[in-house]
Every structure is written in C-alpha cells, then in structure tokens.
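Here are the chains, one letter per residue:
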Amino acid sequence: MATVAPTPARVASPGFISRLEAWPTVTSFIVLVGGWELIGRSLNQPFFPPLSSVLNELAINQAEIMAALGTSLTNLVLGFIVSVVFGVGLGLLMGAFRKLDAALDIYINALLTAPSLVFAPIFFAIWGLERWSIVAVIFMYSTWIMVVNTVTAVRTVSPEMLEMGRAFNAPRIKTWTRIVLPAATPLIMAGIRLATGRAVKGMLNGEMFIAIVGLGKLVKDGSGRFDASLVLAILVVIIVVAFIALWVVGWVDARLTRWLPKTSR
Amino acid sequence: MIEIKGVSKAFPGRKGSEPVQALKDVDLIVRDNEFLTVLGPSGCGKTTLLRVIAGLVPHDTGTVLVDGKPVTGPGPERAMVFQSFALMPWDNVLTNVAFGLEMQGVDKKTRELKALELIEMVGLGGFEKRLPGELSGGMQQRVGLARALAVSPKVLLMDEPFGALDEQTRRLLQEELLRIWEATRTTVVFITHSMEEAVLLGDRVVLMRPRPGRIDQILDIPMTRPRSTHLDSVESSGEFTAMVGLLWNNLRAMHSDVRRARQAGQAAATKP
Amino acid sequence: MSLVRRVLDSSALYRLIALAIFATIWQLATLSHKSMLIPTFTDTMAAIPKLLIPGYSGDESAKLWDALYQSNGALLIGFAISVALGVPFGLLIGRFRTIERFANLYISILLVTPMAAVIPLLVMSLGVRDGAMPTRVILIVLFAIVMLIVNSRAGIRQIDPSLIEMARCFGAGELSIWRRILLPGSLPAIMTGVRLGLGRAITGMVIIELLFIAVGLGNLIQKYDAQLDGARLYALIIIVVFEALVLIQAVRWLERRVTPWRKTTSFGR
C-alpha cells in the first residue's frame, strides 16, 4: 500500500542542491541573468537596477562588503555551532528520556512555530549591541527544527533493530552508539540541513533588527539611502553564502549516510 | 482470444548502459475462457508482457490483438488486478469497486448496485463503507478483484495479485478466485513467481526466461476442473508434484545461467 | 492507586513542571538583577489581561485589537493569494517533469533567499502609503508561497504510481486522473504545505512590521520597546506567539478533518 503521509521534514528539506540537473539549471541560470539585465535596463527604475550595475556596486564596495561578510560569517558559525550542539544534544536526551520529551515537546513545538524574530527585543534587552544578541537570534531560528528532527529520528529507529541489539546482549551505551545513532543520522542531518537555511536568515534578520553590524547593517543602510543596487548586491552575496553553506552540509550528509539506498535520499 | 505475434519491447537503460530487452519475439495465443498462468524468474519480462496486453506500455514491434482488434491503449474489455492492490485510500470499498464503471460513465445508482453485488461475491458484504486502510491485505485484494470484475471484462489481467499476501491468506484467495472463475469463466492471464500457484490455478503455464525476456515453453496442466472444491487433494496428487518438479528443473537451470552470465560480466569488468 | 499512576504517566504533569521551573528561574533571575527592559514573570502575566480584555485597563486593549486587525488583514489576503497560486503551480511541476527541471533553480533561490532583504526593494517600488497594504501582502506571498509549491509538488510525487496506472487501466482520462487520484492523493502533503506556509506567512508578517513598516503588532512591539515597558512588551510577544500557535493548531485540525484516511500523524515543524 502506498504510504500517503510523507515525513514533512523530508518534504520541505532543501536537499534540492543535489536535485539540480546540469543542463536545465544552466539554462534557467542564463535566463535569470539575461532576464534580470534586460528587464532592469528596459524598466529603468531605481528599485530594480540591471544586474550589471549590481555587480558594479559589488565591485565598488568590495572592501566594505568583505569586512561585513567576515563579521556576519563569524556570527553565523558561532550561532550555528551553538545550535547544533544544543539542538542535537537536547533532541537525543528527549529521545532517550520519555518524561523529558513529555515535559518539553509542546514548548519546543511552540518555539518552532513562533516567528523567531519577535524574540529579538528580548535578546537586545539582555545583551544590547553585543555579538551575542545576534548569535541568540540565530540560535532561535535554527535550534528547534534540529531538536524536533532528532527526537523523531531517535523515536523512529526500527524496533527490529533495537530487538536485534537486545538479542545480542548489547549494553545500553553500545545500543546507542552502534544502532540508534547511525540509524538516526539521516533524519538528524535532514534537520541540520533545514537549520542551515534558517540560520542564514536568522543571521541577516538579527543583524538588520539590531542594525549595527555585518551584511544586515549594509542592507539597512542601502534601503535607508534608497540604494537598490547595494541591497541587491548584498542579497546576491547572501544567496551565494546560503548555497555554499547548504552544499557543505549536504556534502557532510552524503559522507555520513552513504549506506542509504539512493531512492530514499 | 488474445493473439500476440512477434512482440518485442526494450526499455532505455540507465545512462551509459545499453537498453534492456524486456521482451523479444514473443508469440502467444490466449484462448477464450482459459486460465493462463505466466511464470518466470525476475527480469524475464512477465510483468511487461501483461502491461503490453493491458495497453499500459506500447510495444516496439509485433502485434497484440484482443478479439481481433489491435491494442493501442487500455480498454474496457480488459481489467487489471495489481500486486500492490492500487486502492484509493481516500475512497471507501464501495467507491473503489465502482471506479471502473464510474470511468465508463455509468450512473451512480447502477454502478453502486453492481458494485454491491461484486462486494458480496468476493465475501466482503457489510464492509462497503470501510476505507482500505481499515482492511487486512487479503481483504484489500478482494476489493481489487471485485473492482476488476465489476466492469464485466472479457479478460482479467492479474499481476502477481497474491504476491504481497501471507501463505494462508493467499490460499484462501486462490480458492476464492477459482470459485469465481469456475462460475464466470472469464479469460485470465495470471502472472506469478510461485510454481505451485502457477500449476494449481492454470489450464496452461507459460514459462518465460530472462535476458532477453522470451517464452521458454508452454505446459498443459492435466488436472481436471473444477478444482476449487478440493484444492488440497489437487496439491497432493502425483500430477501436481510432477508438474512443479518439471518447472523447477527448468527454472534452476535459468538461475545458474544468470549466475554464470553475471560472473562472466564481473570478470570482464575487473580486467584492466 | 490507578489515579496516581495515571497522573504520573500523563504528559500534562511534566509539562506543568517544566513551565513551573521556567517561571521560577525567570522570576528569581529578574528579582535579583533588576532591569528596566526585563520584567518579572508575574508582571508579564499581569500585563496579558490588560492588553487583551477591553476596558480592563484604559484603551490599551483597543490598541492591541486594532493592531491585530491590521496585521491579520494583510496576513489573510497574502496567505490566500499564496495558496491560490502556489498549490496549482506545485501540482503542475509535480506532474510535468520538464517544467520542473527548469523551475528547480528558481525554487531553490526562493527557498534560500532571506526575504527580509527583499523588503527594502518592495518598499522602494510600492511605497508605504495607506499602511503599505500592497507591500505587506506581496511580502507575505513571497514568504509563504515556496512552502506551498514544494509540498504540493512532493504531494504529487509520492502518489503510488500504480494508482495512476490503475486509473488508466479502467479508462480514466487526464481529467479523471486529476480529480480522483492526483488531487486527493496529494491533499495530505498540500495540507502540510498550508500549515508550514502559514507559519512562514506569520513570520513574514512579523518581520516586515518589525524591520521596515511599523504598523500593526510590529509597531506596538517597537513602541513598548522604546517606552522601556518590559512587561507589556513581553506580554505582547507572548500574545503574538500564542496567536501563531492557535492558527497553526486550527490548520492541524482542518488537516485531520479533510484527510481522515491518513493514519500516520506528522510531526510539527
């Protein structure tokens, strides 16, 4: 019988990079670049400059953008590391202890559902203009999806596998390291992939809200001056950063889950 | 009558490898009111053959005629029963069984009356409002069978219909199918990978062999009809054992051919 | 005896304990480090009814309900447009591989682009007059539509191919296949998309109002923030989060209603 319900975490997972096919993607890319330039030129409106002037802007402000990119990436990496450690760690604990799961699950789901940026004023109140305000925003964006996916990953390890472990008298610790963790890895990685995209957004939104550092500041500045070229230039940079980050995570994922049959990936 | 003459079918291979010859020069005549079983190892093209008859995949060469008319696509005189049941999980038993008639534009009242009759016939009376997800595998396939019979087809095409069921359920459904077939005498083409099932049910067994998919031989099954009332004694008869033994000898030879070919391929691939 | 057992086994107990621990830590931390912007737990709780109940504390609740009306107006229109455009498009690219091959890059870009950075461009082109309704609606669409496209596509993809084959066998044309197989078959995934898309739409609504166009709830948050009114600020944040949860829960309920054949329950995102 067909399984009607897909696991949402897989459905919306941005594993799309591996799904991009060479020729159609190149064609679409050329259409995008060409279309942007042509529409930008013919529209001749300040809010939609052609690609060439955006790239030009990128070149002019290279130094400033690179410096901002450095700051932003530091925020991103810091926030993301804290999120992964906390998110996967808490997820494993909740997967292992039913009562902890019962105590926290609705709150975790609430935090996952809630628009993360509303918490930014709270972090601003606690840390002010410090880097930790932005790291905390990134944390709020990316942690909860990893917790939820990790709990599900641990819970959906097949009972037959666990029974097999019991049949061979595997001690609890061995059951975890040799059965539960490997079996849970694909779903955990799916959660990390989703979290990557969220972290990039959290970084930008946090920087924009606190409006003092990094790429977010440049976007804010650009929009304050009605400088659409600068805003689009930063946007291009961020999209490239997001693609690279997702590619890296996808690469790690592929290493870790090589044993999965191709179709289920 | 189904006449298959010189039918070949190739599927494009994966990138870089050559196309897969699923069927090559297949000639076969399925007589009216006959129960024909098709047996073979996996990859012998038996399912492709059935899907060609059903009109689901076009064949490359040759002709397929059903009652003299060439097959160009699916048609109402052929109905199919699927290995995966292929029931719509969102529709209840009644709506599922009436689906074929609905597609033919039969009005709601008539088709539901007909569907109820078939539901009764396959022994599911009282379950017509249930969803497929609430039924066991055996019951689901009864629904699949009722749906196919509801369109009063001339030919019933069955693609390993009991392959996903457990042994006991399978036996019950075999009896049920024979009982219904003995009453209706619809022409049946029945794909299976079980030698016992092929002999137990069929008037003739078509044995196919792989690479490329083709017919190896056709065996007449001498056991008398009706069989549904005494399947157990049919199965313990000497004729039955002899037929199964014969089929197994042929199949075992095919399997070792396949293994030898694979080893040869491997040796070729590892050579520098 | 069995009552004790049942209480000990119920998740409600553990949820309450978790909440109590959280509230206690909050209360103690704020009592020991007095701060203008971080209110105590009790102050925050006291502020919630003041904001919510009309006439309880001056015209404060009127401000909140105004803000809710303003924010949710854009949310409703924007989300309706997202569903109306996103679902059909997702279904089409799910069914027809060729369109999808070429659309994939754009969907990928739409998925990773932080929409917040697009807001300035829209503000520049559409302006912020009349509470910037068109700008906000378009942004909410940009936020939500990807989820609807991606999930609708996945909905078509995961339909058992033998169902489509079965329908063709029984003489169904493309129209019947859509009506009887593809639409009901993809409905569970579409509903997942609706739920996730609604979450994104709410996120979008908040981001726009917090970052660029100070109207509605975002405006109110910023006002309390500027007034250093911590209790009201936190109370408002809790109300916004609560509204999001109620809306998502409503979609979950609808999901179960329209797809009763679906046994597997999905986990939240």
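What you see is a predicted model, and the numbers here were worked out from it, not measured in a lab.

**Considerations on the packing of aromatic side chains**
Applying the stated criterion across every chain yields a total of 13 aromatic pairs over all chains. Between B:Trp90 and C:Trp261 the ring centres are 5.7 Å apart and the planes differ by 65°, which places this aromatic pair in the edge-to-face class. Of the two residues, B:Trp90 sits in the loop between strand S6 (78-81) and helix H2 (93-97) while C:Trp261 sits in the segment after helix H11 (230-258), which places them in two different chains. Accessibility expressed as a relative area gives 14% for C:Trp261, which makes it buried. Among the aromatic residues, those joined into a ring-pair cluster are B:Phe35, B:Phe162, B:Trp181 and B:Phe190.

**Quick notes on the environment of C:Ser71**
All names here are of chain C. Structurally, Ser71 is set in helix H4 (residues 60-95). Looking at Ser71, the relative accessible area reads 0%, which means it is buried. The spacing of Ser71 and Val215 is 144 residues in sequence and 7.5 Å in space, taken between C-alpha atoms. Apart from residues no more than four positions distant in its own chain, Ser71 is found in contact with Arg136, Met205, Glu209, Gly216 and Leu217.

**Looking at the packing of helix H5 (residues 62-96) of chain A against helix H12 (residues 228-256) of chain A**
All names here are of chain A. Contact geometry of H5 with H12 gives a least axis separation of 12 Å together with a crossing angle of 40°. The orientation of H5 with respect to H12, classified from their angle, is oblique. When the axes of H5 and H12 are compared, the crossing they make is right-handed. Between H5, through Ile65, Leu69, Leu73 and Leu76, and H12, the contact on the second element is made entirely by Ile234, Val237 and Val241.

**Structural notes on the pairing of strand S10 (residues 214-220) of chain B**
In terms of strand pairing, strand S9 (residues 204-209) of chain B meets S10(B) through six bridges, oriented antiparallel. Each residue of the ladder has a partner; that of B:Arg204, found in S10(B), is B:Asp220.

**Observations concerning helix H7 (residues 133-157) of chain C**
Spanning 25 residues, H7(C) covers 36 Å between terminal C-alpha atoms, matching the ideal 36 Å at 1.5 Å per step. Among the 25 residues of H7(C), 20 are classified as buried, and the element is accordingly described as predominantly covered.

The rules behind the values
- Residues numbered from 1 in each chain as written.
- Chains lettered and ligands numbered in written order.
- Predicted model: local features only at pLDDT ≥ 70, side-chain atom pairs only at ≥ 80, totals over all residues.
- Heavy atoms only, no water.
- Phe/Tyr/Trp six-rings, centres within 6.5 Å; stacked < 30°, edge-to-face > 60°.
- Helix = DSSP H or I, 4+ residues; strand = E, 2+ residues; numbered from the N terminus.
- Buried < 20%, exposed > 50% of the residue type's maximum accessible area, 1.4 Å probe, protein only.
- Contact = heavy atoms within 4.5 Å.
- Axes fitted to C-alpha atoms, helices over the stretch in contact; angles between N-to-C directions.
- Parallel < 35°, antiparallel > 145°, perpendicular 65-115°, else oblique.
- Left-handed = near helix turned anticlockwise from the far one by under 90°.
- Pairing = 2+ DSSP bridges.
- Expected span 1.5 Å × (residues − 1).

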